[in-house]
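If you want the building blocks of each chain, they are given just below.
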Amino acid sequence: MPRPRLAHLRHDAFRSASRRALLLMLLAAAAAPAVTRSGATAGGGLPTPFALPTLHWRLLVAASGIGYLVWWLRREPARRALPALAAMSVAFWLLATTFAIVADARSTMFYTADVLEDGMAVLLGLYATSALLRAIARADEWETRRLSPATWFADDVTTLACGALVGFWIFSAVGVYSTAGLLLLLVGAGGALLLPLRLPDALSAIVESISGRRGSRRTRRRSHGTRPHPGGST
């Protein structure tokens, strides 16, 4: 297969960075009650998604962080993984704090912190499931021959959703709620669209994996059956 052009590599790198940035922003927003108490209300602190107990939510966030740390260390050498994880941790805390400030300062009766937290948790679930389906499909950034066009369209949808989420927080911070609400609806529609787009390649990879395992077992059985007898021919 010919090597992709430099422009194609840059485009894929940008889409990959957008996927990571979107997940980081959603995770920081949903996990804000567990990592910051910068609340404007009495008692300080944001409500947890779906009114979950704060301790349970913090334990869930901590477990997710540890799991991601282990996965990253298994994927990359420690000398490369640790600086990247440190930078991501700082960005995560800054994003969570920014989310808490905006949610407290700009909440209205139609745009409450409870609704925002629930919405961020739902969006995180949608986009995290989409990321999992893409990982199952074994979508290598530089290998395009085994992926359907739906996967690449889904990557573009994710990039647009990332930009819409950034715009949502900018317009929320300045109090332009109509535009912010429209952008949030676009992020939600993108998340719902991603699941049917990602599913075919993920299912195809699962079927290929099962078929490959069955084929390897048959090959091993045949090789065992044709192996010469230790005592020689009779």
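Structure: see above.
Residues numbered from 1 in each chain as written. Predicted model: local features only at pLDDT ≥ 70, side-chain atom pairs only at ≥ 80, totals over all residues. Heavy atoms only, no water.

Peer 1: In this structure, what is going on with the overall build of the chain? I would like to understand it.
Peer 2: On a plain count of helices and strands, the chain comes out with six helices and zero strands. Seen in sequence order, the chain has helices and strands lined up from the N terminus as α-α-α-α-α-α. The 234 residues of the chain split such that 34% are buried. Considering only contacts in the chain between residues 6 or more positions apart, those separated by 24 or more positions represent 76%. (Helix = DSSP H or I, 4+ residues; strand = E, 2+ residues; numbered from the N terminus. Buried < 20%, exposed > 50% of the residue type's maximum accessible area, 1.4 Å probe, protein only. Contact = heavy atoms within 4.5 Å.)

Peer 1: For this particular structure, what's the right way to read the side chain of threonine 159?
Peer 2: Tracing the sequence through the fold places threonine 159 in helix H5 (residues 149-173). Not counting chain neighbours up to four residues away, the residues in contact with threonine 159 comprise Phe14, Arg15 and Ser18.

Peer 1: Is there a simple way to explain the environment of cysteine 162 in this structure?
Peer 2: Checked against the element boundaries, cysteine 162 lands in helix H5. Sequence separation between cysteine 162 and alanine 17 is 145 residues, and the spatial gap between their C-alpha atoms is 9.9 Å. If near-sequence neighbours (up to four positions away) are discounted, cysteine 162 is found in contact with Ser18, Ala21, Leu22 and Met25.

Peer 1: Would you explain the packing of helix H2 (residues 54-75) against helix H3 (residues 78-106) in this entry?
Peer 2: For any two helices packed against each other, the geometry comes down to the angle between their axes and how far apart the axes lie. Packing of H2 against H3 brings their axes to within 9 Å, and their N-to-C directions diverge by 145°. H3 is crossed by H2, and the crossing has right-handed handedness. Residue-level contacts link Tyr68, Leu69, Trp72 and Leu73 of H2 to Ala78, Ala81, Leu82, Ala84, Leu85 and Met88 of H3. Class assignment of the residues belonging to the contact of H2 with H3 gives a composition of 10 nonpolar, no polar and no charged. (Axes fitted to C-alpha atoms, helices over the stretch in contact; angles between N-to-C directions. Left-handed = near helix turned anticlockwise from the far one by under 90°. Nonpolar A, V, L, I, M, F, W, Y, C, P; charged D, E, K, R; others polar.)

Peer 1: Would you take a moment to explain the pattern of salt bridges for this structure?
Peer 2: Close approach of charged atoms allows side chains with opposite charge to pair. Overall, the coordinates contain four salt bridges when judged by the stated rule. Two residues, aspartate 155 and arginine 19, come together in a salt bridge whose shortest N-O distance is 3.5 Å. Of this pair, aspartate 155 sits in helix H5 while arginine 19 sits in helix H1 (residues 6-35), placing them 136 residues apart in sequence. With respect to class, aspartate 155 is no different from arginine 19; both count as buried. Overall, aspartate 155 belongs to the buried group, its relative accessible area being 0%. It is possible to trace a salt-bridge network through shared partners that takes in Arg19, Arg134, Asp155 and Arg198. (Salt bridge = Lys/Arg side-chain N within 4 Å of Asp/Glu carboxyl O.)

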